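Understanding the architecture of this molecule
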Amino acid sequence: MSELPPDDSDPIGDPFDEIVANETERDPDLAVIEAGSRTLRTQGGVPQGDVPARPADPEVDKALRAVEAELAGRWGETKLEPSVSRISALMDVLGEPQRAYPSIHITGTNGKTSTARMIESLLRAFELRTGRYTSPHVQSITERISLDGEPIPAERFIETYEDIKPYVEMVDAKEEYRLSFFEVLTGMAYAAFADAPVDVAVVEVGMGGSWDATNVIDADVAVVTPIDLDHTDRLGETHGEIATEKSGIIKQDATVILAQQPVDAAQVLLKKAVEVDATVAREGLEFGVVARQVAVGGQLMTLRGLGGEYEEVYLPLHGPYQAHNAAVALAAVEAFFGVGAARAERLDIDTVRKAFAAVSSPGRLEVVRRSPTVVLDAAHNPAGARATAEAVGEAFDFSRLIGVVGASGDKNVRGLLEAFEPILAEVVITQNSSHRAMDVDELAGIAVEIFGDDRVQVEPRLDDALEAAITLAEEEGEFAGGGVLVTGSVITVGEARLLLGRG
């Protein structure tokens, strides 16, 4: 298990009345749609694996690199032909492995991976064997497929690829386009889960919903984390348009767990639920965060679930948004067990507490060094950056915070930098190794417009950028409270994590 180092701030004991109020406010325009949907309203863990390192055995490492090279030769995750025809064909020749177990399907813009990890931890604490499929990976491709809370071993990843490779080639030969990188990985995950076998799969969409490769499952529980503007060139330019695509994971007679949403997104999602006769549970109405307070290394929460209240639940992750993710995860697991429908009582609270206390989420406000403190966070869009900025202000007492930012060229970088500007004294602009990375000079030009020339430093190499930022943070002295925030991309965070000796 990866454990975040303890936060040095003192616990806060005052009630968060504003949070409770925010949980229960709803726009009245949703009333008509909500009236047409059924809602879940009752009447009355085990440690997870960290990010894996490269295989110690040279032969295994060589074989894994060969598989990675073959996968990399396919369409990348950003090149899409919106269709599930190829993945459906692969599932057909594999014997429909995705139908061998029930599943929980997760979409949204931000918070999907953390929510998936929380759901997995809860299910495992209740002694179910789990498979988890998430993306992208922080450091190792094997992270994407987890069995029993641990990334799939490299040897098993290779074996799974070799097992399905002949069927992949068979589909490639028949389809107009070859299966993509993400489609093959999805096929591998579903096959690995069936082979294990797992009791339940926790599946995060890659992008969107209806035509995402993961959407060949008919999940009993569909989860929608907060929707915001991202991938607008592919998913739509408004919250409502993006929600239309993401609502595709809501299947006939399923249960839908909705995080707080913009009004136009909520309208679309609730309308889809009505059309397919799905049962709906909404954050702020059927479930939510009742109270929370900062604690050493994380936060202490009271959550309102579908079966009642869960008090004194410790979560070793920082930020209000992680408490909201926890509420969504709890409701999803309750729904999976029939709470709110077949059952009207809460889950065993001690088991729930144990599960949340065991949660880790590498690269999400993860402290990887002290003196000065270095925090990694994979925020890559404005909504994620705003949530991170709020969480940093709450969980850490930095007197001077230096940013290291390396972003992808297809993101709203200006919005991301604007969200971080109030909390960063200076920013070091850099570039990760991905072909998608924004050119360092282009990114620096935008940063200068937002921060001013005197607050921007450029270091094209990430190792140099980290060293420069740590030096800047140390300028105020050992006990002055300087810190470094590395952000802008999952890839930047993963590479920084390796450079700083994690994994």
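Residues numbered from 1 in each chain as written. Predicted model: local features only at pLDDT ≥ 70, side-chain atom pairs only at ≥ 80, totals over all residues. Heavy atoms only, no water.

This brings us to the overall build of the chain. Across its full length, the chain carries 17 helices and 18 strands. Among the 503 residues that make up the chain, the fraction classed as buried is 58%. Within the structure as shown, the chain displays about 19,200 Å² of accessible surface, and the carbon and sulfur contribution to it stands at 49%. (Helix = DSSP H or I, 4+ residues; strand = E, 2+ residues; numbered from the N terminus. Buried < 20%, exposed > 50% of the residue type's maximum accessible area, 1.4 Å probe, protein only. Areas by Shrake-Rupley, 256 points an atom, 1.4 Å probe, with all protein chains shown as cover.)

Moving on: the packing of aromatic side chains. Under the criterion given, the structure shown has six aromatic pairs. Summarising the aromatic geometry, the rings of W75 and Y177 are spaced 5.1 Å apart at their centres and angled 35° between planes, so their arrangement reads as tilted. Highlighted residues: W75 in the loop between α3 (58-72) and α4 (85-93) and Y177 in the loop between α6 (154-174) and α7 (181-195), separated in sequence by 102 residues. Positioned above the aromatic ring of Y310 is the side chain of R346, whose terminal nitrogen or guanidinium carbon lies 5.9 Å from the ring centre. (Phe/Tyr/Trp six-rings, centres within 6.5 Å; stacked < 30°, edge-to-face > 60°. Lys NZ or Arg CZ within 6 Å of the ring centre and 35° of its normal.)

Let's shift gears to the nonpolar core. The biggest cluster of nonpolar side chains holds 41 residues, and the ones touching the most others in it are I119, V223, I257 and F356. Elements represented by at least two residues in this core include exactly β2 (103-107), α5 (112-125), β6 (200-204), β7 (221-224), β11 (298-305), β12 (308-315), α11 (320-336) and α12 (349-357). Element by element, the count of residues in this core is highest for α11, at 10 residues. Residues V60, V168, V171 and F193 belong to the second largest nonpolar core, which totals 39 residues. (Core = buried A, V, L, I, M, F, W, Y, C linked by side-chain atoms within 4.5 Å.)

What follows deals with the sheet that holds strand β15 (residues 400-405). In spatial order, the strands read β13-β14-β18-β15-β16-β17; together these six strands make up an open sheet with mixed pairing. On the outer flanks of this sheet lie β13 (366-369) and β17 (456-458), each paired with one strand and no other. Recorded for the sheet is a direction-independent mean angle of 25° between the axes of neighbouring strands. Across four bridges, the pairing between strand β14 (residues 373-376) and strand β18 (residues 482-487) is parallel. Bridge assignment links V374 to a residue of β18, and that residue is V484. (Pairing = 2+ DSSP bridges. Axes fitted to C-alpha atoms, helices over the stretch in contact; angles between N-to-C directions.)

Turning our attention to the side chain of Q322. Within the secondary structure, Q322 is located in helix α11. For Q322, the side chain forms a polar contact with the side chain of N325, separated by 3.0 Å. The contacts of Q322, once residues within four sequence positions are left out, are S114, M118, Q299, L315, L317 and R364. (Polar contact = N/O pair within 3.5 Å; in protein donor to acceptor, adjacent residues only side chain to side chain. Contact = heavy atoms within 4.5 Å.)

So, about the confidence of the model for the chain. Taken as a whole, the chain shows an average pLDDT of 86; of its residues, 86% reach a score of 70 or greater. By mean pLDDT, the top-scoring element of the chain is strand β3 (residues 130-133) (98), and the lowest-scoring one is helix α2 (residues 31-35) (37). Here residues 1-49 scores under 50 on pLDDT; set against residues more than four positions off or in separate chains, the count is 128 contacts. (pLDDT = per-residue confidence, 0-100.)

What follows deals with the side chain of T109. Looking at where T109 falls in the secondary structure, it is placed in the loop between β2 and α5. Among the polar contacts listed, one links the side chain of T109 to the backbone nitrogen of D228, at a separation of 2.8 Å.

Attention now moves to a negative patch on the surface. Taken together, the side chains of D57, E59, E155, E159, E162 and D163 present a region of like negative charge at the surface. A total of four residues in the negative patch trace back to one element, the largest contributor, which is α6. Here D57 shows up in the loop between β1 (38-39) and α3. Look at D57 and you get partly exposed, because its relative accessible area is 39%. (Patch = residues over 30% accessible without salt bridge, like charges linked within 9 Å, V, L, I, M, F, W, Y side chains within 5 Å. Salt bridge = Lys/Arg side-chain N within 4 Å of Asp/Glu carboxyl O. Lys, Arg positive; Asp, Glu negative; His and termini not counted. Charge placed at Lys NZ, Arg CZ, Asp CG, Glu CD.)

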